[in-house]
Amino acid sequence: MSLYLEYVKEIESRKKDLGLAPKPIDGSELLAEIIEQIKDSAHEHREDSLHFFIYNTLPGTTSAAGVKTKFLKEIILGALVVKEITATFAFELLSHMKGGPSVEVLLDLALSDDALVAKPAAEILKNQVYLYEADMSRLDDGFKAGNAIAKDILESYARADFFTTLPEIDEEIDVVTYIAGEGDISTDLLSPGNQAHSRSDRELHGKCLISPVAQVEIQALQKQHPGKRVMLIAEKGTMGVGSSRMSGINNVALWAGKQASPYIPFVNFAPVVAGTNGISPIFLTTVGVTGGIGLDLKNWVKKRDVDGKPVLNESGDPILEQTYSVETGTVLTINTKQKKLYNGDKELVDIASAFTPQAVEFMKAGGSYAIVFGKKLQTFAAQALGVPLESVYAPSKEISHAGQGLTAVEKIFNKNAVGVASKTALHAGSDVRVTVNIVGSQDTTGLMTSQELESMAAMVISPIVDGAYQSGCHTASVWDSKAQANIPKLMSFMNKFGLITARDPKGVYHPMTDVIHKVLNDITVDEWALIIGGDSHTRMSKGVAFGADSGTVALALATGEANMPIPESVKVTFKGKMKSHMDFRDVVHATQSQMLKKFGDNVFQGRVIEVHIGTLLADQAFTFTDWTAEMKAKASICISQDDTLIASLEIAKNRIKIMIDKGMDNEPQVLQGLIDRANKRISDITSGEKPALRPDDNAEYFAELVVDLDAINEPMIADPDVNNADVSKRYTHDAIRPISYYKGSKKVDLAFVGSCMVHKGDMQIISQMLRNIEKQNGKVEFKAPLVIAPPTYNIVDELKAEGDWDVLKKYAGFEFDDTVPKNIARTNYENIMYLERPGCNLCMGNQEKAEKGDTVLATSTRLFQGRVVEDTAEKKGESLLASTPVVVLSSILGRTPTLEEYIKAVEGINLTDFAPPLEQLTTPPVEAVRVRIADPVRIADPVDASTYNQLK
């Protein structure tokens, strides 16, 4: 059967079984067959083939795009005649193909001697921004050779006509409200983790937005209010918490946005989202990527007494009062010039934060990518012509406060900043373009990242990136048909692009399913590094890391850069002494609990938590930085002592060496380069040339918190509080409760130790506890299933070498076998201990899940509705979060333990070595000057290994 007939068969199946349109074409072989059918005027499938060619072929650097551009070039040059595709229409189709082969063809035509095709090609090129160094070099060479067309194009680029000639955004935008949910809305509602396999199939994945009922309601609102945009709202909460998921905003845009191009299927932009408490910072980035609008409604406020103090309810929570209604179906008007939200003539709230000059530029350009590439293109053109750079974009905010020191994040941003005019150091609030050192792509968003790379016509990783990694951890637990179809394809693309990949497309080294955050934490070998990763838990304990959407990850891979404001910081230090029966996870929970008690509001939200953790190695410190995603912080930075940092770097070196020994390094030897960088960093610290990163004594913070370790008397649990009468209080991470709250009576149906929150020490704690319990009770019997998923193979290997794995095997009823991986997700559990394959496992919710309605106690980070466990009609599923010893003991008891039972079970076990550093981890104030202001060299075109190494 021909590829085309197979495609037709797939179309029929998609329509019959799923109610979907034909899947967009990205493969060259299928499109080549379609083109042959178009050439045959009598072919029975010619009409459909024309439609697929024009309207259903993906642009950018897909192999199909390459074939499409060549065919269009032949039509333009008159080598072929297709009556339905004139030369003018062929040019129009090229103009929508977004770079790569289409720009190559347009340059061929524009720089040719044929004036009939050169001029129209030039006019289209003037509105293209996805040009890379090879494209720019061709223009530069043409200009130097006296080509008038090349000069004309460069002059247009130097004026930034591609941006300035765009229409301004509408002054008034009418919206109709749709309340997507009450309380914080996780991006899981917009793009469920259990549908991760379908994210790269945009129409199919769009079917999982909220619910089928919600989709019908949104469509009904659109019919009732033609010409108005549907605005999705988190009532009494924040929109998009928990993840930066690009697929979430893609789905919102698909249902409530505008079509980006008539010739590109299922790619929409300009969604409008809102929340009573605004948009989660990590999700707001995706709004910018799609040129959307994200509003902070402030439509519920705390009720206050005559003294201005919040009025509390019986549970001690502030009572909220509604300032205006946004119930579903309410028509509102966004005035983008006044930056106000109106209901008719009545002003409701100031929304200036959504319409900063930079945000407005994203809206005007249809997304942030066009701005990033446009600035780069304009700079190149001005340099090529030898003319001053015209200021057409909103000037970056450059804020410097004389006499004020720098926080840790301010120091890192100043070191990595490029294209900044100021000679003095920049402080929080400044808009900064920064180089990115480490990039991570995870496997359930990776296919979307690869699509974004194709759409922006990138073909190889920027050489200014020190290292980048593509994980396989989110699909590690079950090697099912979906994973088998998606993951090898992803690994092949990313390996070719220049990333270190968990799976070798050639099958030389054993597939590694290590949790991505653990790998990124190891390959970050400089605490001055800036890291971007496709997951909200990209929060390293070395450097500063930002979770990002798949598009921002793609941009970082392609350009080695990111754009963002320097965040404010909250300083966290510690006092007192840990009690011997407490785990470091309890310090993490106590930080959030004591913060809420002190400030009332979450001062961490949208800010960097600068935690002066000092004495704790990177592995354990990561437990803190990881949890900061649930604190709604933008990022976290660990301030370490010199000796602690050196020890952490030595561990990182050893683990990178293991990756090299497995055969994971690539031709440019990126992993070896990281070891070399680690050695240099250790040398600089040891010699005193460059001590460990510390903030200045006179740095300014939004807030400061001193965590009292003496006040931590018993283990704590983060409870989703699923039955709270106030819906907005459910499924947040703010209900931190001591185990005594449960009085030893909270039934536990399933226990899980795993995810990025655990490290080797947790695995050792499990084996020690099991020995303790056997000694005390004569046997170990599980009254609830205990699922254990070590985060990395390195940990498993070390446990095997040291004997702890044998202890775990002794009590296990199941042990993973990589030679025969599971291909079907477990649907029910026995009361045994499961030793699962390294990876994310239950925390992801896309493969393994608890039984519906279960109460799960886990070490993971996710307590959102339906993530780890779904509801039944009779009972809500609960995902409670606690330390490893609490989770293990609960599986043996079948319930939460009492404090006495807990203390007995951990007797003699060293749960943590954490103690506050004895010295202040700051530096004396100095005159703050910027470290670097020059733009880096960067390239994103195919290069050979020697050129790549030379550039790096």
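Residues numbered from 1 in each chain as written. Predicted model: local features only at pLDDT ≥ 70, side-chain atom pairs only at ≥ 80, totals over all residues. Heavy atoms only, no water.

1. Some words on the overall build of the protein
Next up, step 1: Helix and strand counts for the protein come out as 32 helices and 33 strands.
Next up, step 2: A compact globule built from 952 residues would reach a C-alpha radius of gyration of about 30 Å, and the protein, at 28 Å, matches this within 12%.
Next up, step 3: On the principal axes, the C-alpha backbone points of the protein span a range of 90 × 65 × 65 Å.
Next up, step 4: The buried share among the 952 residues of the protein stands at 61%.
Next up, step 5: Summarising the internal contacts of the protein: among those between residues at least 6 apart in sequence, 74% fall at separations of at least 24.
Next up, step 6: Surface accessibility of the protein: about 36,000 Å² in total, with carbon and sulfur atoms responsible for 50%.
Next up, step 7: Computing the positive centroid from 100 side-chain charges and the negative centroid from 125, the protein places the two 2 Å apart. (Helix = DSSP H or I, 4+ residues; strand = E, 2+ residues; numbered from the N terminus. Rg over C-alpha atoms; globule rule 2.2 N^0.38 Å. Buried < 20%, exposed > 50% of the residue type's maximum accessible area, 1.4 Å probe, protein only. Contact = heavy atoms within 4.5 Å. Areas by Shrake-Rupley, 256 points an atom, 1.4 Å probe, with all protein chains shown as cover. Lys, Arg positive; Asp, Glu negative; His and termini not counted. Charge placed at Lys NZ, Arg CZ, Asp CG, Glu CD.)

2. Considerations on the environment of alanine 905
Next up, step 1: Mapped onto the secondary structure, alanine 905 falls in helix α31 (residues 899-905).
Next up, step 2: Counting along the chain gives 373 residues from alanine 905 to isoleucine 532, while the straight-line C-alpha distance between them is 40 Å.
Next up, step 3: Apart from residues no more than four positions distant in its own chain, alanine 905 is found in contact with Met769, Asn772, Gln776 and Leu889.

3. Notes on the pattern of salt bridges
Next up, step 1: Taken as a whole and judged by the stated rule, the model has 53 salt bridges.
Next up, step 2: Its salt-bridge partner being lysine 852, residue glutamate 870 comes within 3.8 Å of it at the nearest N-O pair. With a gap of 18 residues between them, glutamate 870 in the loop between β32 (855-858) and β33 (878-881) and lysine 852 in the loop between β31 (833-835) and β32 connect regions that are remote in the sequence.
Next up, step 3: Looking at lysine 852, the relative accessible area reads 55%, which means it is exposed.
Next up, step 4: Members of the salt-bridge network, linked through shared partners, are Lys822, Arg826, Glu836 and Glu848. (Salt bridge = Lys/Arg side-chain N within 4 Å of Asp/Glu carboxyl O.)

4. Brief notes about the sheet that holds strand β12 (residues 340-343)
Next up, step 1: With mixed pairing, the 7 strands of this open sheet are ordered in space as β8-β7-β3-β1-β11-β12-β13. Each having just a single partner strand, β8 (293-296) and β13 (346-350) make up the two edges of the open sheet. Each adjacent strand pair in this sheet contributes to an overall mean axis angle of 35°, direction not counted.
Next up, step 2: Sheet analysis places strand β7 (residues 272-275) next to β8, joined by 4 bridges and oriented parallel. Counterpart to valine 273 in the pairing with β8 is glycine 294. (Pairing = 2+ DSSP bridges. Axes fitted to C-alpha atoms, helices over the stretch in contact; angles between N-to-C directions.)

5. A look at the side chain of serine 368
Next up, step 1: As for its position among the elements, serine 368 is in helix α17 (residues 368-385).
Next up, step 2: With sequence-adjacent residues up to four places away left out, serine 368 is seen in contact with Gly288, Val289 and Phe362.

6. As for the packing of aromatic side chains
Two measures describe an aromatic ring pair: the distance that separates the ring centres and the angle between the ring planes.
Next up, step 1: Counting across every chain of the model gives 18 aromatic pairs.
Next up, step 2: Ring centres 6.3 Å apart and planes at 50° place the aromatic pair tyrosine 4 and phenylalanine 52 in the tilted group. Of this pair, tyrosine 4 sits in helix α1 (residues 3-18) while phenylalanine 52 sits in helix α3 (residues 46-55); the two residues are 48 residues apart in sequence, bridging distant segments of the chain. Like tyrosine 4, the residue phenylalanine 52 is buried in the burial classification.
Next up, step 3: Measuring from centroid to centroid gives 6.1 Å for phenylalanine 493 and phenylalanine 497, while their planes differ by 10°, and the two rings are stacked. You can see phenylalanine 493 and its partner phenylalanine 497 sitting in helix α20 (residues 481-497), 4 residues apart, about one turn around the helix.
Next up, step 4: Assessed through its relative accessible area of 2%, phenylalanine 497 is described here as buried.
Next up, step 5: One aromatic cluster is present, formed by Tyr4, Tyr7 and Phe52 through successive ring pairs.
Next up, step 6: The ring of phenylalanine 163 carries the charged tip of lysine 364 above its face, separated from the ring centre by 4.3 Å.
Next up, step 7: Lying over the aromatic face of tryptophan 528, lysine 690 brings its terminal NZ or CZ to 4.7 Å of the ring centre. (Phe/Tyr/Trp six-rings, centres within 6.5 Å; stacked < 30°, edge-to-face > 60°. Lys NZ or Arg CZ within 6 Å of the ring centre and 35° of its normal.)

7. A look at the sheet that holds strand β16 (residues 438-441)
Sheet strands pair by backbone hydrogen bonding; their relative direction is either parallel or antiparallel.
Next up, step 1: Strands sit in the order β18-β17-β16-β19-β20 across an open sheet of 5 strands; the sheet is parallel. Looking along the sheet, the strands with just one partner apiece sit at the ends: β18 (500-501) and β20 (544-547).
Next up, step 2: Two elements, strand β19 (residues 530-533) and β20, share 4 bridges in a ladder whose sense is parallel. Looking at β20, one finds that isoleucine 532 is bridged to phenylalanine 546.

8. Details of the packing of helix α27 (residues 760-777) against helix α30 (residues 884-893)
Next up, step 1: As a packed pair, α27 and α30 sit with axes 10 Å apart at the nearest point and diverge in direction by 40°. Put simply, α27 runs oblique to α30. Note that α27 runs across α30; the crossing there is right-handed. Facing Asp762, Ile765, Ile766, Met769, Leu770 and Ile773 of α27, the residues of α30 in contact are Thr884, Pro885, Val888, Leu889 and Ile892. (Parallel < 35°, antiparallel > 145°, perpendicular 65-115°, else oblique. Left-handed = near helix turned anticlockwise from the far one by under 90°.)

9. Some points on the side chain of threonine 62
Next up, step 1: Of note, threonine 62 is situated in the loop between α3 and α4 (63-76).
Next up, step 2: Ignoring sequence-local partners within four residues, the contact set of threonine 62 consists of Asp26 and Glu454.

10. Some points on unusual backbone geometry
Next up, step 1: Unlike most non-glycine residues, phenylalanine 266 shows phi in positive territory, near 65°.
Next up, step 2: The topology assignment puts phenylalanine 266 in the loop between β5 (258-259) and β6 (268-269).
Next up, step 3: Positive phi is not limited to glycine here, since tyrosine 731 has a value of about 60°.
Next up, step 4: Mapping tyrosine 731 onto the fold places it in the loop between β26 (716-718) and β27 (736-738).

11. A closer look at the nonpolar core
Next up, step 1: Formed by 134 residues in total, the largest nonpolar core has its most connected members in Phe53, Ile85, Leu232, Met456 and Ile532.
Next up, step 2: If one sorts the elements of this core by residue count, α17 sits on top with 10 residues.
Next up, step 3: Membership of the second largest hydrophobic core comes to 79 residues, among which are Ile682, Ile685, Val807 and Leu808. (Core = buried A, V, L, I, M, F, W, Y, C linked by side-chain atoms within 4.5 Å.)

12. Considerations on the packing of helix α2 (residues 28-39) against α3
Next up, step 1: Orientation of α2 relative to α3, taken along the N-to-C sense of each, is 130°, at an axis distance of 8 Å. With respect to α3, the element α2 is oriented oblique. Note that α2 runs across α3; the crossing there is left-handed. In this structure, α2 uses Leu31, Ile34, Ile35, Gln37 and Ile38 to contact α3, whose residues at the interface are Arg46, Ser49, Leu50, Phe52 and Phe53.
Next up, step 2: Its residues placed into classes, the contact of α2 with α3 shows 7 nonpolar, 2 polar and 1 charged. (Nonpolar A, V, L, I, M, F, W, Y, C, P; charged D, E, K, R; others polar.)

13. Focus: the pairing of strand β11 (residues 331-335)
Next up, step 1: Among the 5 residues in β11, 4 count as buried, and that is most of the element.
Next up, step 2: In this structure, strand β1 (residues 172-182) lies alongside β11, joined through 5 bridges in antiparallel fashion. Bridge assignment links valine 175 to a residue of β11, and that residue is leucine 332.
Next up, step 3: Pairing of β11 with β12 involves 3 bridges; the strand directions are antiparallel. Bridge pairing in β12 links asparagine 335 to lysine 340.
Next up, step 4: The hairpin formed by β11 and β12 contains 4 residues between the paired strands, and lysine 339 there has a positive phi angle of roughly 60°.

14. Considerations on α30
Next up, step 1: Judged by how many residues are buried, α30 sits mostly within the fold: 9 of 10 residues are covered.
Next up, step 2: The complete set of buried residues in α30 reads Thr884, Pro885, Val886, Val887, Val888, Leu889, Ser890, Ser891 and Ile892.
Next up, step 3: Residues of α30 that are buried make contact with β26, β28 (750-753), α27, β29 (786-788), β32 and α31.

15. Concerning the confidence of the model for the protein
Next up, step 1: For the protein, the mean per-residue pLDDT works out to 92, and 97% of the residues sit at or above 70.
Next up, step 2: The low-confidence segment residues 931-952, where pLDDT is below 50, has 62 contacts with residues more than four positions distant or belonging to other chains. (pLDDT = per-residue confidence, 0-100.)

16. Some words on helix α16 (residues 357-365)
Next up, step 1: Three or more residues of α16 are buried, namely Gln358, Ala359, Glu361, Met363 and Lys364.
Next up, step 2: Where α16 is buried, its residues touch α10 (161-164), β8, α17 and β15 (431-435).
Next up, step 3: Positive phi appears at glycine 366, one or two residues downstream of α16, with a value of about 85°.

17. Some remarks on the pairing of strand β24 (residues 635-640)
Next up, step 1: Burial runs high along β24: 6 of the 6 residues are buried.
Next up, step 2: Burial along β24 is two-sided: the residues Ala635, Ile637 and Ile639 and Ser636, Cys638 and Ser640 are all buried.
Next up, step 3: When strand β23 (residues 608-614) meets β24, the two strands line up parallel, connected through 5 bridges. From the neighbouring strand, isoleucine 609 faces β24, where its bridge partner is serine 636.
Next up, step 4: The parallel pair β23 and β24 is bridged by helix α24 (residues 618-627), and the resulting crossover is right-handed. (Right-handed = clockwise from strand over helix to strand, strands pointing away.)

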